[in-house]
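Breakdown of the fold
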Amino acid sequence: MTIQTVSTNKSYGGVQGVYRHASQATGTDMVFSVYVPPHADGARLPVVWYLSGLTCTHANVTEKGEFRKACAELGLIFVAPDTSPRGADVPGDANNAYDFGLGAGFYVDATQAPFARNYRMWSYVTDELPKLVAENFPVDAKRQSMMGHSMGGHGALTVALRNPHRYRAASAFAPIVAPSLVPWGIKALTGYLGVNKDAWRGHDTVALIEDGAKFSGFLVDVGEADNFLKEQLKPELLEAACTKAGIPLTLRRQAGYDHSYYFISTVIGDHLHWHAEKLKG
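Attention here is on the structure that accompanies the text. Since the model is a prediction, treat every value here as computed from it, not as a measurement.

**Some words on the pairing of strand S2 (residues 14-22)**
With 7 bridges connecting them, strand S1 (residues 4-11) and S2 associate as antiparallel partners. The residue bridging threonine 5 from the neighbouring strand is tyrosine 19, located in S2. Count of turn residues in the S1/S2 antiparallel hairpin: 2 residues, of which tyrosine 12 carries a positive phi of about 50 degrees. In terms of strand pairing, S2 meets strand S3 (residues 29-36) through 8 bridges, oriented antiparallel. Bridging across to S3, histidine 21 finds its partner in methionine 30. Here S2 hands over to S3 after 6 residues, with glycine 27 in that stretch at a positive phi of 70 degrees.

**Examining the pairing of strand S5 (residues 77-80)**
Side chains of S5 alternate between two faces, with Ile77 and Val79 and Phe78 and Ala80 buried alike. Pairing between S3 and S5: 3 bridges, direction antiparallel. By the bridge assignment for S5, serine 33 is matched with alanine 80. Two elements, strand S4 (residues 45-51) and S5, share 3 bridges in a ladder whose sense is parallel. Note on S5: the bridge partner recorded for valine 47 is isoleucine 77.

**Thoughts on unusual backbone geometry**
With an omega of 0 degrees, the peptide bond between alanine 113 and proline 114 qualifies as cis. When you line up the elements, proline 114 lands in the loop between S5 and helix H3 (121-136). Although it is not a glycine, tyrosine 107 sits at a positive phi angle of roughly 55 degrees. A positive phi angle, near 60 degrees, is found at serine 150, a position not held by glycine. Looking at the secondary structure, you find serine 150 in the loop between strand S6 (139-149) and helix H4 (151-162). Classification of serine 150 by relative accessible area gives buried; the value is 2%.

Analysis parameters
Residues numbered from 1 in each chain as written. Predicted model: local features only at pLDDT ≥ 70, side-chain atom pairs only at ≥ 80, totals over all residues. Heavy atoms only, no water. Pairing = 2+ DSSP bridges. Helix = DSSP H or I, 4+ residues; strand = E, 2+ residues; numbered from the N terminus. Buried < 20%, exposed > 50% of the residue type's maximum accessible area, 1.4 Å probe, protein only.

Coordinates in, geometry out; function isn't part of it.
Structure representation (structure tokens):
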């Protein structure tokens, strides 16, 4: 698999790159970003995967996340894929809504027409892109972790729960923890997976935990001034599910913070230090 370099910039002694490739999973060109910190020749580095939220591309966290200083200090590769397939022939929402279709792939493999052809983001972020990154960057495949924001927090937690031996850590900023029960999730899961709610459970953090999925523990931050907190995010459901299942959860409610990258950039350093501890050795 080959990649095309879109841009590279030196930052904190490392290299921030943006790359494009032809995806077999989505049938489209996909763009992603990778930050590689300074390192010794021949070194293999742990990698943190970052999944973005609704309306975002790789560029949002790459330009606003303020993660590079911490990654350089901790020796972490940071990978940020796009949130959905894109292109003139890729179907979107008929009404151009922001919460379905382009920019809103929800990290599932769609089974419903016309989305099944392109919207295979689960396969993309768990299979195709990791193989591509491993072929082109100095990653240690045995030291990987996941983090994400909002829709991407949903993606990060579900990916970790379904692959607990592959990812050593998982954290999230304002995640959608129970998409089967909230408007964003109900719209996306119905559109991509159909009306059978049993098919949704594999892409619902709370449902996965209720069905017996385990993980070593989660770190989750939410902003108390987040306009989506009560209707869409419902972190109390994750707290209850983890407590019942005996899964360690650090849930931090941050006073005054909203859903934006001002919030993410404030706490992402804490998350990266937490990930680095889990990724040691």
